[in-house]
Amino acid sequence: MTTVRFRSQLPVPPERLFEFHADVRNLSRISPPFPPFRLVEGGTAPAREGDVQVFRLGWGPLGVTWEAQISRVVPGRLIEDTQLRGPFRRWRHQHRFRPAEHGAVLEDAVAFRLLPTPAGEFAEWLLVRPALLAMFWWRHRRTRNLLETPQES
C-alpha cells in the first residue's frame, strides 16, 4: 500500500485540535472547494468508533459516493477512518494529535491502494499522492485559520 503523511504544527492545544477533528461537520469547512466534498449522512459529534459517514465527492453523475467508518478513536490523540465503499480498493486514514512546544502537531497519515497492479502503483505515485498532499496542505491551513480566529460568544 502507498502511504502519504502530512504534518503541521499549530498554536492550539492538542485537545482543541482533536475536538475540532472529532466533529465531522468541520470536514466541509476545511476541505478544498474543488472537487466538492460534502457529508450526505451519518456521523456524530464527537466521532465514535463504529460511526459510518457517507460523503459525496465530485459533481453530479461524475461524482462518487464514499462511505467510511470510524475504526478507532483514542481520545485526544487519534481518529482513524477506514473506507467501506468508495474509489479505493483499500483506504485507512489516521488523524494524529500530539503535544508540541507552543501547541500541537497534527499529522494525517493515509495508507491506500487504488489498483493492485504496477500501473495502479504508478498512478498512486504520479496522481493520487500529489493530490492528497495538496489536499492536506489546504486542510491544515484552513484548520489553522479557523482555530486561530477568536470564537464569538
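Residues numbered from 1 in each chain as written. Predicted model: local features only at pLDDT ≥ 70, side-chain atom pairs only at ≥ 80, totals over all residues. Heavy atoms only, no water.

Student: Give a detailed account of the packing of helix α1 (residues 14-22) against helix α3 (residues 118-148), specifying residues and quantitative values.
Tutor: At their nearest, the axes of α1 and α3 sit 12 Å apart, and the two run at 110° to each other. When the axis of α1 is compared with that of α3, the two are roughly perpendicular. Judged by the sense of rotation from one axis to the other, the crossing of α1 with α3 is right-handed. Counted together, R16, L17, F20 and H21 of α1 and T143, L146 and L147 of α3 form the full contact between these two elements. Per-class residue counts for the contact of α1 with α3 are four nonpolar, two polar and one charged. (Axes fitted to C-alpha atoms, helices over the stretch in contact; angles between N-to-C directions. Helix = DSSP H or I, 4+ residues; strand = E, 2+ residues; numbered from the N terminus. Parallel < 35°, antiparallel > 145°, perpendicular 65-115°, else oblique. Left-handed = near helix turned anticlockwise from the far one by under 90°. Contact = heavy atoms within 4.5 Å. Nonpolar A, V, L, I, M, F, W, Y, C, P; charged D, E, K, R; others polar.)

Student: Which residues make up the pattern of salt bridges, and what values do they have?
Tutor: For side chains of opposite charge, pairing can occur when their charged atoms come near one another. Enumeration according to the criterion identifies eleven salt bridges in this entry. As a salt-bridge pair, E107 and R5 come within 3.7 Å of each other at their nearest N and O atoms. Placement of the pair is E107 in strand β7 (residues 103-113) and R5 in strand β1 (residues 2-10), with a sequence separation of 102 residues. What you see here is one network of salt bridges that share partners, running through R5, R7, R96 and E107. (Salt bridge = Lys/Arg side-chain N within 4 Å of Asp/Glu carboxyl O.)

Student: Quick rundown of the environment of V74? Include the residues and the values.
Tutor: Among the secondary structure elements, V74 is positioned in strand β4 (residues 64-74). Taking the C-alpha atoms as reference points, V74 and F97, 23 residues apart in sequence, are found 9.8 Å from one another.

Student: Can you lay out the nonpolar core for me, pointing to particular residues and giving the numbers?
Tutor: Here is a general trend for soluble globular proteins: nonpolar side chains tend to be buried in one another's company. The biggest cluster of nonpolar side chains holds 32 residues, and the ones touching the most others in it are L17, W66, W91, F112 and L132. Sorting the residues of this core by element identifies β1, α1, α2 (26-30), β4, β6 (90-100), β7 and α3 as the ones contributing at least two each. Per-element accounting of this core gives the leading share, six residues, to α3. Filtering out sequence-adjacent residues up to four positions away, L132 remains in contact with V4, W91, V110 and F112. (Core = buried A, V, L, I, M, F, W, Y, C linked by side-chain atoms within 4.5 Å. Buried < 20%, exposed > 50% of the residue type's maximum accessible area, 1.4 Å probe, protein only.)

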